[in-house]
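Commentary on secondary and tertiary structure
So you can see what is in the structure, the chains are spelled out below.
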Number of protein chains: 2
Amino acid sequence: MEVPARPGPDASSLSAHDRVYRTLRTRVMHGELLPGQPLTLRGIGREFGVSMTPAREAIQRLVAEGALTMSGSGRVQTPELGNERIEELATIRALLEPELGSRALPRAHSALIDRMEAINSANTDAVLRSDAVTYVRTNLEFHRTLYLRAQSPAMLAMVETLWLQLGPTMRALYGRLRRNTPPPHHRMILAALKAGDEPGLRLAIRTDVTQGLRHLTQ
Amino acid sequence: MEVPARPGPDASSLSAHDRVYRTLRTRVMHGELLPGQPLTLRGIGREFGVSMTPAREAIQRLVAEGALTMSGSGRVQTPELGNERIEELATIRALLEPELGSRALPRAHSALIDRMEAINSANTDAVLRSDAVTYVRTNLEFHRTLYLRAQSPAMLAMVETLWLQLGPTMRALYGRLRRNTPPPHHRMILAALKAGDEPGLRLAIRTDVTQGLRHLTQ
DNA sequence: CGTGCGGATTTGTGATCACGCTTCGGACAT
DNA sequence: ATGTCCGAAGCGTGATCACAAATCCGCACG
């Protein structure tokens, strides 16, 4: 119905299937859809006012990225990940994201850190309000704001694919345990950035990523 | 026309778009298509005897995986990667593949090593015959045979996505410099496997991945 | 009250078509 | 001989339809 995705900075909303794709993508990544939620081509087409053709392309693309799973009969739903899969994806995040942080560190000026602190406070707000979707969204924004400075588009795209696969699961997990403490390691990340401490930054990011998901699967 | 892809172990060739997708995917990954080669929906449909619809789905899926690039006007071709992108993808390989090797190490029995040595000799043959496509294919088979033992499907899928993006470029690069020496570090990988030397295996894989691509971009 | 079972509905798949845009080739003028 | 322009051909996009398979719901049977 609503959620304009992010018609955003790029003025390339030319094709209908791209608009559908982008909207569904951010919905999945931000955890607006719960794991196992089914999607139908005709339903999506109806919602976006398009026919089945662009809906099918958008769905197919999301399936290829792992944002959605397709059963043998073609039925599509958000993924329901097992613990071993969650830990595997967390491991990959722990391998890639410190590298992105390290590459961003030399280019992380004070304006960037200020912006990250603002996002982090919005994140803390979401925790106190028990707003799972906003929590996930601001958490990812915090990381992406830093990683954009790494100027490593392929690596960032790969990490976003991981976020995409974890989106519904993260929302469900964060919603399950109503944590009332802000994300623990974001302050360590900010401190390491200010100090220019590269090993400390790597460690802070790695523990933020793994710890954030590890104690949820136990 | 030919190249049955790998109708392979899974007997799920039910849908036409899946058959098209799989065939094109292995073509790209093995470097059977040169960088910049254009693809058209009607051409693919004609070749596979299907209409544009399944051809479009297969293409869209490959674009989502980075195996093909789509211009703003919807034109599709194999990617022409710049050096910085190649090095970035090689860095990601260097981060993920040693981890896969390390996870496979405890499960690498002698039968597996024997199979890898057979693949490696086929690889050496391809080098001596200057058969670039076979070289790329056996090289990837060598790695995949090991990584399958890691039982980390998400990580393996991510690495295969990297191979897919590098496919046309690898073929073009290996074809450009007619190397007549076999891949240098495969023997080190095999030796580390036999010795159960985990740090040595990580190093051997990392250098095989980076060195294999690094001295090609210079 | 639980358990199969059968028909109606809904779903994905693939083919076909119309539309608008991009691209490429040749003719013309310079 | 070179550059420009215009037309035709080819392209991707999206809508619609027919078909087969899967799913769902209610009814009958145990």
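As a starting point, this report considers the structure included with it. Computed from a prediction, not measured in an experiment: that's the story for all the values here.

Secondary structure summary: chain A contains 9 helices and 3 strands in total. The order of α-helices and β-strands along chain A, N terminus first, is α-β-α-α-β-β-α-α-α-α-α-α. Expected size for 218 residues packed as a compact globule is a radius of gyration near 17 Å; at 18 Å, chain A falls within 12% of this value. Seen along its three principal axes, the alpha-carbon backbone of chain A occupies a region of about 55 × 40 × 30 Å. Residue burial in chain A is summarised as follows: out of 218 residues, 52% are buried.

Neighbouring DNA strand D are 17 residues, the closest being Ala16(A), Ser51(A), Thr53(A), Arg42(B) and Arg56(B). Of all DNA strand D atoms lying within 4 Å of any protein atom, the proportion belonging to sugar or phosphate reaches 61%. At a separation of 2.8 Å, a base nitrogen of DNA strand D approaches a polar side-chain atom of Arg56(B). Elements supplying a minimum of two residues to the surface near DNA strand D: helix H1 (16-29) and helix H3 (52-64) of chain A together with helix H2 (41-48) and helix H3 (52-64) of chain B. In terms of residue class, the surface near DNA strand D is made up of 6 nonpolar, 7 polar and 4 charged.

So, on to H3(A). All names here are of chain A. The end-to-end C-alpha distance of H3, which contains 13 residues, comes to 18 Å, matching closely the 18 Å that a straight helix rising 1.5 Å per residue would cover. All of the buried residues along H3 are Pro54, Ala55, Glu57, Ala58, Ile59, Gln60, Arg61, Leu62 and Val63. Its side-chain oxygen 3.3 Å from the backbone nitrogen of Thr53, Ser51 forms the N-cap of H3. Looking one or two places after H3, you find Gly66, whose phi comes out positive at around 85°.

With that settled, the discussion passes to the environment of Thr23(A). Residue and element names in this part refer to chain A. By the secondary structure assignment, Thr23 is in helix H1. Note on Thr23: relative accessible area 4%, which makes it buried. Thr23 sits 92 residues away from Arg115 along the chain, and the two C-alpha atoms are 25 Å apart.

The rules behind these values
Residues numbered from 1 in each chain as written. Chains lettered and ligands numbered in written order. Predicted model: local features only at pLDDT ≥ 70, side-chain atom pairs only at ≥ 80, totals over all residues. Heavy atoms only, no water. Helix = DSSP H or I, 4+ residues; strand = E, 2+ residues; numbered from the N terminus. Rg over C-alpha atoms; globule rule 2.2 N^0.38 Å. Buried < 20%, exposed > 50% of the residue type's maximum accessible area, 1.4 Å probe, protein only. Near = heavy atom within 4 Å. Polar contact = N/O pair within 3.5 Å; in protein donor to acceptor, adjacent residues only side chain to side chain. Nonpolar A, V, L, I, M, F, W, Y, C, P; charged D, E, K, R; others polar. Expected span 1.5 Å × (residues − 1).

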